[in-house]
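Coordinates in review
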Amino acid sequence: MTWLQGKVVFITGGARGIGAEIARRLRNKGAKLVLTDLDKAELATLATGLGEDGVLTAVADVRDLPAMQAAAAAAVERFGGIDVVVANAGIASYGSVLQVDPEAFKRVLDVNVLGVFHTVRATLPSVIERRGYVLVVSSLAAYAAAPGLAPYNASKAGVEILADVLRLELAHRGVGVGSSHMSWIDTALVRDTKTDLPAFGELLAKLPWPLNKTTTVDKCADALVKGIEGRRDHVYCPPWVGAFRWLKPVLSTPVGAFPIRRTTAELLPRMDAEVAALGRSTSAYNEDLQKPGA
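Below you will find a few notes about this structure.

Calculation criteria
- Residues numbered from 1 in each chain as written.
- Predicted model: local features only at pLDDT ≥ 70, side-chain atom pairs only at ≥ 80, totals over all residues.
- Heavy atoms only, no water.
- Helix = DSSP H or I, 4+ residues; strand = E, 2+ residues; numbered from the N terminus.
- Rg over C-alpha atoms; globule rule 2.2 N^0.38 Å.
- Buried < 20%, exposed > 50% of the residue type's maximum accessible area, 1.4 Å probe, protein only.
- Contact = heavy atoms within 4.5 Å.
- Areas by Shrake-Rupley, 256 points an atom, 1.4 Å probe, with all protein chains shown as cover.
- Lys, Arg positive; Asp, Glu negative; His and termini not counted.
- Charge placed at Lys NZ, Arg CZ, Asp CG, Glu CD.
- Salt bridge = Lys/Arg side-chain N within 4 Å of Asp/Glu carboxyl O.
- Phe/Tyr/Trp six-rings, centres within 6.5 Å; stacked < 30°, edge-to-face > 60°.
- Lys NZ or Arg CZ within 6 Å of the ring centre and 35° of its normal.
- Pairing = 2+ DSSP bridges.
- Axes fitted to C-alpha atoms, helices over the stretch in contact; angles between N-to-C directions.

With that out of the way, let us pick up the overall build of the chain. Regarding its fold elements, the chain presents 11 helices and 7 strands. Taking 2.2 N^0.38 as the reference for a compact globule, 294 residues should give roughly 19 Å; the C-alpha atoms of the chain span a radius of gyration of 19 Å, in line with that estimate. Across its three principal directions, the C-alpha atoms of the chain cover 55 × 45 × 30 Å. The buried share among the 294 residues of the chain stands at 54%. Taking all contacts inside the chain whose residues are at least 6 apart in sequence as the whole, residues at least 24 apart take part in 72%. Surface accessibility of the chain: about 13,100 Å² in total, with carbon and sulfur atoms responsible for 58%. Put simply, the chain has 33 plus and 30 minus side-chain charges, and the middle of one group is 6 Å from the middle of the other.

Structure, rendered in structure tokens:
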């Protein structure tokens, strides 16, 4: 029997993609779930499929600390506490630093960095009480720069070090803290970007192996659930991503950057032109979620 049996797991960005797949696996292991997202309809559909008796949903924006505190309070009221937190909510933007909409840049940092802080801040009192575990979802992007994704890179590097700080601050309280790092996962984030920006798909295909490979959501969710079960400090998917943690100093040198520089010079102007033609700096799905009443 897994230690997750009967534990309460709080997941942001839980309505679809990696968050939803983690939720399904944890529910099968007997965990009780608290799922937050902005997509009310998808949250409701997922909760029905998981069995609503053991699932609490909250439509909440991770950028809104009071909303996250209210979701955490509802979790404590419903289930008695919170044992595990998965700070998973995240978005990306389109375009180079010169092209990206400044508001889209800010939104990525607000969701991906402040959102993690708000999630942890809201849930931490209960997690400390239960000597639980926090998993901060970072990325390979914390180690390796990706042209056209500057705010995403910056945000994932930011939450990696945030997780490192939390690990030090919470160790004496019996709380484990991990950060997860994934390469390209076949989520809507990657698929939408390829659809909206054909040059991005070409850029991805021209990256050196294994950086040009995409991993399934199932494999990613399996890796993250194993990391949660083992209360690991670091979770990698695929496993080779772990090597880039140690290669990071080399990747920022001229030698390390050489493989991608020529491709960037060729494809980034095309990508920026495609962003300009779209008239938006993020996916249509994320644009819709920002509309009042969405």
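Still more to cover.
A few words on the pattern of salt bridges. In this structure the tally under the stated criterion is 16 salt bridges. In this structure, Glu-21 and Arg-24 form a salt bridge, with 2.6 Å as the shortest nitrogen-oxygen distance. In this pair, Glu-21 and Arg-24 are both assigned in helix H1 (residues 17-28), 3 residues apart and thus about one turn of the helix distant. For Arg-24, a relative accessible area of 35% gives the class partly exposed. Ionic pairing is found between Arg-191 and Asp-186, a salt bridge with its closest N-O pair at 3.4 Å. Judged by relative accessible area, which is 41%, Arg-191 ranks as partly exposed.

With that settled, the discussion passes to the packing of aromatic side chains. For the structure shown, the criterion picks out 2 aromatic pairs. Measuring from ring centre to ring centre gives 5.6 Å for Trp-184 and Phe-200, while their planes differ by 80°; the resulting arrangement is edge-to-face. Placement of Trp-184 in the loop between strand E6 (176-182) and helix H6 (188-196) and of Phe-200 in helix H7 (residues 198-206) is noted, with a sequence separation of 16 residues between them. Using a relative accessible area of 18% as the deciding quantity, one classes Trp-184 as buried. Overall, the relative accessible area of 5% leaves Phe-200 in the buried class. Looking at Arg-231, its charged tip hangs above the ring of Trp-3, at a distance of 5.8 Å from the centre.

Strands in a sheet are paired, the pairing made by backbone hydrogen bonds, and the direction either parallel or antiparallel. Read from one edge to the other, the open sheet built from 7 strands follows the order E3-E2-E1-E4-E5-E6-E7, with strand pairing classed as parallel. Each having just a single partner strand, strand E3 (55-59) and strand E7 (234-237) make up the two edges of the open sheet. Taking each pair of neighbouring strands and ignoring which way they run, the sheet shows an average axis angle of 15°. Pairing analysis gives 5 bridges linking strand E2 (residues 32-37) to E3, with the strands arranged parallel. When the sheet's bridge partners are listed, Thr-36 is paired in E3 with Ala-58. Sitting on the sheet, helix H2 (residues 40-50) touches E2 and E3, and the angle it makes with E3 is about 180°. Along the sheet, helix H4 (residues 102-129) contacts strand E1 (8-12), strand E4 (84-87) and strand E5 (133-137); its crossing angle with E4, the most-contacted strand, is approximately 180°.

For Ala-284, the location among the structural elements is in helix H11 (residues 284-289). By relative accessible area, which is 35% here, Ala-284 ends up partly exposed. Along the primary structure Ala-284 and Thr-193 are separated by 91 residues, whereas in three dimensions their C-alpha atoms are 10.0 Å apart.

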